Amino acid sequence: MIGVLHRSLQPLTQRMSLALRVAVLTTMAVAATLGVVSAIVFVVVRAEFESSLDESMLRRAHAAVDAGLAEAENFRQLNPQLQRIADVQIFVVSGGELFSPTADVNELTKAFKSYHEVEVSIGQVSQSMRTVRIEGTPYRVVAVQAGSGVALVMTQSMESVDFALNRLKLILLLCSTAGVALAGVAGWAVAANGLRPVRRLTAATERVARTSELTPIEVTGHDELARLTTSFNAMLQALDASQARQRQLVADAGHELRTPLTSLRTNIELIGQAADNVDKSLTDDQRHEIMGDVRAQLEELTTLVGDLVELARDEPMARDPEPLDFSDVVTQAIDRVRLRAHTVAFDVELESWMVFGEPQLLERAVTNLLDNAAKWSPPGGTVHVRLAGGELTVTDEGPGIDPADLPHIFDRFYRSSEARTLPGSGLGLSIVKRAAERHGGTVDVESPGGGGTTFTLVLPSSDQS
């Protein structure tokens, strides 16, 4: 019923607020329910009144027949005053005609005879009951057999019953109206109170759009709206954390970019001054030295920008992942690092391991691990590379990592006091961690006190990812 009401009122309710729609639909549903209940009550009560009256009239009609009142002599002696006192009228149908004790059968009283009473008189049915209305007054007409070809007809006014039913109509109408009004007020109150968390969420969303303040909303209750508020707060916290990471990344990037840019500016200004002033011209050695510094700074700046772009990507793998042999990726990374790490040797043992991922990102991560190991290994040292069962280990022969630096080794822009004198941006190991996480793997570091550091990169196979 509610669904039918909702569909019929949909064009109108689309222009209403949600609380008003709930109140209107509730009111209409209650009105329909009360209407059906009132109709059922009225019909049942009316049927009960008629049944009780019929039972009483049939009992008196049979008693009159048993007393012989339908016989001609006794019938003519009936006292009209006694009939009025008893609130009944008695007639006889014989031969298809209606007879009165007073022989006064007018056009009005002829309404008490119909084919129903004739059927009773000729024995087709044993009794009949019906209601007729004469000059606005309802009468109940009952007929019973009173012998061969004769039927006794008893009538009684239903004014009292009609009056009681009219009062019942009024009472049901008043009660239904009060119930509908109460349902409307209650529906509005419940809807307005129930939608209060939604209004708080709406206000919070508008506040975030207007002020960019990500303040969580107070959670009340344990219902679905409370769960919605909790989820919204979790979204705000995630958004706040994302903004904090972005601000930190911008701040760290600005700090790291300042050094190479300042050095580039100094060298360019020096070259410009030498070009403008003949007395301050540079020698070939000085010029080669400055250009070497510029190239190194440009390379450092290019690497830093590439690392920043890679770390700024918060989304899952957006490139085209593909099945690949991780050992091939490690081999390519080793070949690349060997071209620039001439002072160290590489001890390599690789087993085939199929993974599902981005070859460029994985090669970048492995290259960063190898570059880090080559940078810290002494001249003539060896970098040990092993790949078995999806576990890649890269071990150098350097001095190791201070235990105080181990918890921060994968943080962005983190550089230990020893590393600050060496080239690098402090982003290489962060990229390794990002690559491992994006491929469902892990990366760890161990540095025993005797020297040397081992990085372990673990990736799931393509069957597991």
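Use the structure listed above.
Just so it is clear, the structure is predicted and the values come from calculations on it, not from any experiment. (Residues numbered from 1 in each chain as written. Predicted model: local features only at pLDDT ≥ 70, side-chain atom pairs only at ≥ 80, totals over all residues. Heavy atoms only, no water.)

(A) Representation of the overall build of the protein chain in the model. Each helix and strand counted, the protein chain has 12 helices and 12 strands in total. A buried classification covers 37% of the 465 residues belonging to the protein chain. Here the analysis covers contacts within the protein chain between residues at least 6 apart in sequence; of these, 62% occur between residues at least 24 apart. Accessible surface, the protein chain: about 27000 Å² in total, of which carbon and sulfur atoms supply 57%. (Helix = DSSP H or I, 4+ residues; strand = E, 2+ residues; numbered from the N terminus. Buried < 20%, exposed > 50% of the residue type's maximum accessible area, 1.4 Å probe, protein only. Contact = heavy atoms within 4.5 Å. Areas by Shrake-Rupley, 256 points an atom, 1.4 Å probe, with all protein chains shown as cover.)

(B) Highlighting the sheet that holds strand β11 (residues 442-446). Here we have five strands laid out as an open sheet, ordered β7-β9-β10-β12-β11, and mixed in their pairing. Whereas interior strands pair on both sides, the edge strands pair on one side only; in this sheet they are β7 (345-350) and β11. Across this sheet, the average inter-strand angle for adjacent strands is 10 degrees, counted without regard to direction. As judged from the five bridges shared by strand β9 (residues 382-388) and strand β10 (residues 391-395), these two strands associate in the antiparallel manner. Paired with Ala388 across the bridge in β10 is Glu391. In this fold helix α10 (residues 326-338) packs onto β7, β9, β10 and β12 (454-458), with an angle of close to 175 degrees to the strand it touches most, β7. The sheet strands contacting helix α12 (residues 428-438) are β11 and β12, and the helix crosses β11 at an angle near 140 degrees. (Pairing = 2+ DSSP bridges. Axes fitted to C-alpha atoms, helices over the stretch in contact; angles between N-to-C directions.)

(C) Looking closely at the pairing of strand β5 (residues 150-157). In terms of burial, β5 is a largely internal element, eight of the eight residues being buried. Because side chains alternate across β5, one face comprises the buried residues Val150, Leu152, Met154 and Gln156, and the other comprises Ala151, Val153, Thr155 and Ser157, equally buried. Bridge count between strand β1 (residues 89-94) and β5: six bridges; the pairing is antiparallel. Counted as the bridge partner of Gln89 is Thr155 from β5. Bridging between strand β4 (residues 137-145) and β5 involves seven bridges; their strand directions are antiparallel. Each residue of the ladder has a partner; that of Val141, found in β5, is Thr155. Turn length for the β4-β5 hairpin, with the two strands adjacent in sequence and antiparallel, is four residues, and the turn residue Gly147 shows positive phi of about 130 degrees.

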